[in-house]
Amino acid sequence: MLLNVHIKNIALIDDANVNFTDNLNILTGETGAGKSIIMGALKIGMGDKLPKDIVREPDKEGFCQLLFLVDDPQVIEQIRDLGVEPSEDGEILITRRINNSRTINTINDMAVTAAKLREVSALLIDMHTQHQQQTLLKKAEHMKLLDKYGRASIDPLKQKVAECHREYVTLRREMDELSMDEAERSRKVEFLKYQIAEIESANIKTGEDEDVEHQYNRMVNSRDIVAAASDVYSVTGYESFSSAGNEIGRALASMKGIKDLDGEIDGLYSQLENIDALLNDFNVELNDYMQSMDFDDSEFRSVESRLDVINDIKGKYGSTVEEVFKYLEDSRKEYERLSEYDEYIAGLSDKIKKVEKAMLKAADALTAERQRQAENLCRDIRDALADLSFMEVRFDMVFDRLPECTANGIDDCYFVISTNVGEKMRPLYDVASGGELSRIMLAIKSCMASEDNIGTLVFDEIDVGISGRAAQKVAEKMAVISRSHQVISITHLPQIAAMADASYGKSLFHVERYQERVAAKGHELINRYDARLAAEQDPAARKALRQQANTEIAAMLQKETDDTLDKVLFELSSQMKNAYSRSDA
């Protein structure tokens, strides 16, 4: 249930709080009173795309917050599956903050994407708008309504059809790719045979490309490497009198004669011995490395040739050795298929027939279940339409068969209706008028509401195109729905307004605009008279100007107050005028 809507700096609203109750909540008021802003706030809170210039004062933050109370364990579990945790008392707080065309979305203080916001809000609130009822004029939407109505039994069958269809499409694609004449098949077999032989003859090992490339780089750069290493060896070795090895040797000899004279010197002598041993080991390893860098031309050409072979194979069949191996494996399978082409095609054809048979069987089961659910749905809609003054209505669903099965089945179904005795049933998208569409959508919503767990239903001007007795019937149907769901609706009709458990006449928007308008006009008058007073030196004239200003400001206040009061009284009279007593229908 929606408990509260709080909006700040949105459209015409500076700051507004609206608390909703159980059952039927009605928003009334003349055009421009601000009702649609509340509906717009709901859409924003549900994750809709933000309209351009929605923020009232661009230099300030726009704010929209919806507070829901969820007490249905199944809905709570569905929300948790989306990664959102309700509060301990089951509250869900959705907040959208708009700053410089950027939006920050949170649910219970956890940042979420707009897509996640839409997923969560779809479990909490279902909004019907004038645009939505136009979906009844789209044939494809009819089956979606049916599938939603019977989703408990239809969804598993749809999933089975989708799985079979996916496998069928995969096999058909493989069959199409393999379809070729004998000459083309022979050419492809020979080409695959050549490719397989070329890869196999290269006999590449895992990681060999990196090893050979490293070895090649060493050989190419060996001259520079050995020259630099020789310079290092001459400095650290024993070749010259001043080399580090000789210098440390002399230092050890000098300390050896005195190390027994002081214990501290003995410790330093041990450290210098370690340095000498490390340097000696370093020089031995460096000398061995330089010896290993001595390559002859034949060895270099051998490494270079091997690297060329590896790079040639990688250039043709994959950027890495692993990709080459994968290409070789796929080629072997393809070669085997084409070598035994007739047998493989026959086996593949048998598979396609079996999968197609299973798919059509699953599609027929789905059709049967849809037809069963369609009978229930159409019966419920007929009953609901009878409650809405469609006294002689006939409402049904026609099932046609598509030329081919799809992932959604093989059905092409749509609603048909006849609203008068003797009138032929025709597709709903061909015959319904605006007022009829409003009532038909309400009937469908009342049927769907009993099948889902959405706690709040919102109707934005459901009364379009109706009046009189039809309006009374719509009001009664909304009252019935509100016994099991919270219903929020905008209306201009007293019949519907009279049914409200809670009514919101948005005169507060008139008062807000009144305050702003009066403040602006008052400042304009004061500024104008201030300028005249500043230019006037005569005391008597200044006094007269002040009296004139007070008189003009008082007259402006009286006029603005009268205009605003007229609007508020108009709203109250609209709600009371010709109102019907609450019905127990």
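The structure displayed is predicted, hence computed values, not measured ones.

The volume enclosed by the second largest pocket comes to roughly 360 Å³. Considering the residues around the second largest pocket, the lining is formed by 20 residues, among which M1, L69, D71, G455 and S484 are closest to the centre. Among the residues forming the lining of the second largest pocket, the class breakdown is eight nonpolar, seven polar and five charged.

Neighbouring strands of a sheet are bound in pairs by backbone hydrogen bonds; such pairs are parallel or else antiparallel. On the basis of which strands lie adjacent, the open sheet formed by three strands has the order β9-β10-β11 and antiparallel pairing. The open sheet has two edge strands with one neighbour each: β9 (394–406) and β11 (426–427). Sheet topology places strand β10 (residues 409–418) next to β11; two bridges connect them, and they run antiparallel. If you follow V416 over to β11, its bridge partner there is P427. Here helix α14 (residues 341–387) sits on the sheet in contact with β9 and β10, set at roughly 160 degrees to β9.

Moving on: the environment of G47. By secondary structure assignment, the location of G47 is in the loop between α1 (35–45) and β4 (62–69). The spatial distance from the C-alpha of G47 to the C-alpha of A115 is 7.1 Å, given a sequence separation of 68 residues.

Okay, the state of the cysteines next. In this structure the tally under the stated criterion is zero disulfides. Unpaired in this structure, C413 has its nearest cysteine sulfur neighbour in C378, at a distance of 9.7 Å.

In the contact formed by helix α7 (residues 182–202) and helix α13 (residues 321–339), the axes pass within 9 Å of each other and the chain directions differ by 145 degrees. Judged by the twist between their axes, the crossing of α7 over α13 is left-handed. Two secondary-structure elements touch here, α7 through R185, K188, V189, L192, K193, Q195, I196, I199 and E200 and α13 through V324, Y327, L328, S331, R332, E334, Y335, L338 and S339. A breakdown of the residues in the contact of α7 with α13 according to their chemical character gives nine nonpolar, three polar and six charged.

Per-chain confidence: the chain averages 81 in pLDDT, with 87% of residues scoring 70 or above. The weakest mean pLDDT in the chain belongs to strand β14 (residues 502–505) at 59; the strongest belongs to β9 at 93. Segment residues 506–512 is flagged for pLDDT under 50; beyond a separation of four residues in sequence, or across chains, it makes 23 contacts in the model. For residues 568–585, every residue scores under 50 in pLDDT, and the model assigns this stretch 33 contacts once sequence neighbours within four places are set aside.

Taking strand neighbours across the sheet as the criterion, the six strands line up as β2-β1-β4-β5-β6-β7 in an open arrangement whose pairing is antiparallel. This sheet does not close on itself; its edge strands, each paired only once, are β2 (13–19) and β7 (110–111). With two bridges connecting them, strand β6 (residues 102–107) and β7 associate as antiparallel partners. Opposite T106, over in β7, you have A111 as the bridge partner. Helix-sheet contacts for helix α3 (residues 114–122) involve β5 (91–99) and β6, and the interaxial angle to β6 is about 40 degrees.

Our focus in this paragraph is the packing of aromatic side chains. Any two aromatic rings considered together are summarised by their centre-to-centre distance and by the angle between their planes. With the rule as written, the count across this model stands at two aromatic pairs. Plain terms: the ring middles of Y317 and Y327 are 5.1 Å apart, the flat faces sit at 35 degrees to each other, and that makes the pair tilted. Here Y317, found in helix α12 (residues 297–317), pairs with Y327, found in helix α13; they are 10 residues apart in sequence, far enough to count as distant. We classify Y327 as partly exposed; its relative accessible area is 30%. Look at F395 and F415: their rings are 5.0 Å apart centre to centre, the planes differ by 40 degrees, and that puts the pair in the tilted class. Within this pair, whereas F395 is found in strand β9, its partner F415 is found in strand β10, the two being separated by 20 residues in sequence. F415 shares its class with F395; the two are buried. We note K8 situated over the ring of F63; from NZ or CZ to the ring centre the distance is 5.5 Å.

With that settled, consider the pattern of salt bridges. In total, this model carries 24 salt bridges according to the counting rule given. Note that E369 and R372 form a salt bridge whose closest N and O atoms lie 2.7 Å from each other. Linking E369 with R372, this pair stays in helix α14, spanning three residues, or about one helical turn. Looking at R372, the relative accessible area reads 43%, which means it is partly exposed. Ionic pairing is found between R370 and D411, a salt bridge with its closest N-O pair at 2.9 Å. Here D411 lies in strand β10 and R370 lies in helix α14, a separation of 41 residues in the sequence. Comparing R370 with D411, the two get one shared label, buried.

Cut-offs applied
- Residues numbered from 1 in each chain as written.
- Predicted model: local features only at pLDDT ≥ 70, side-chain atom pairs only at ≥ 80, totals over all residues.
- Heavy atoms only, no water.
- 1 Å grid on protein atoms, 1.4 Å probe; cavity = no way out; pocket = protein on both sides within 12 Å on 5 of 7 lines; lining within 4 Å.
- Points joined across faces, edges and corners; volume = space filled by probe spheres on them.
- Nonpolar A, V, L, I, M, F, W, Y, C, P; charged D, E, K, R; others polar.
- Pairing = 2+ DSSP bridges.
- Helix = DSSP H or I, 4+ residues; strand = E, 2+ residues; numbered from the N terminus.
- Contact = heavy atoms within 4.5 Å.
- Axes fitted to C-alpha atoms, helices over the stretch in contact; angles between N-to-C directions.
- Disulfide = S-S within 2.5 Å.
- Left-handed = near helix turned anticlockwise from the far one by under 90°.
- pLDDT = per-residue confidence, 0-100.
- Phe/Tyr/Trp six-rings, centres within 6.5 Å; stacked < 30°, edge-to-face > 60°.
- Buried < 20%, exposed > 50% of the residue type's maximum accessible area, 1.4 Å probe, protein only.
- Lys NZ or Arg CZ within 6 Å of the ring centre and 35° of its normal.
- Salt bridge = Lys/Arg side-chain N within 4 Å of Asp/Glu carboxyl O.

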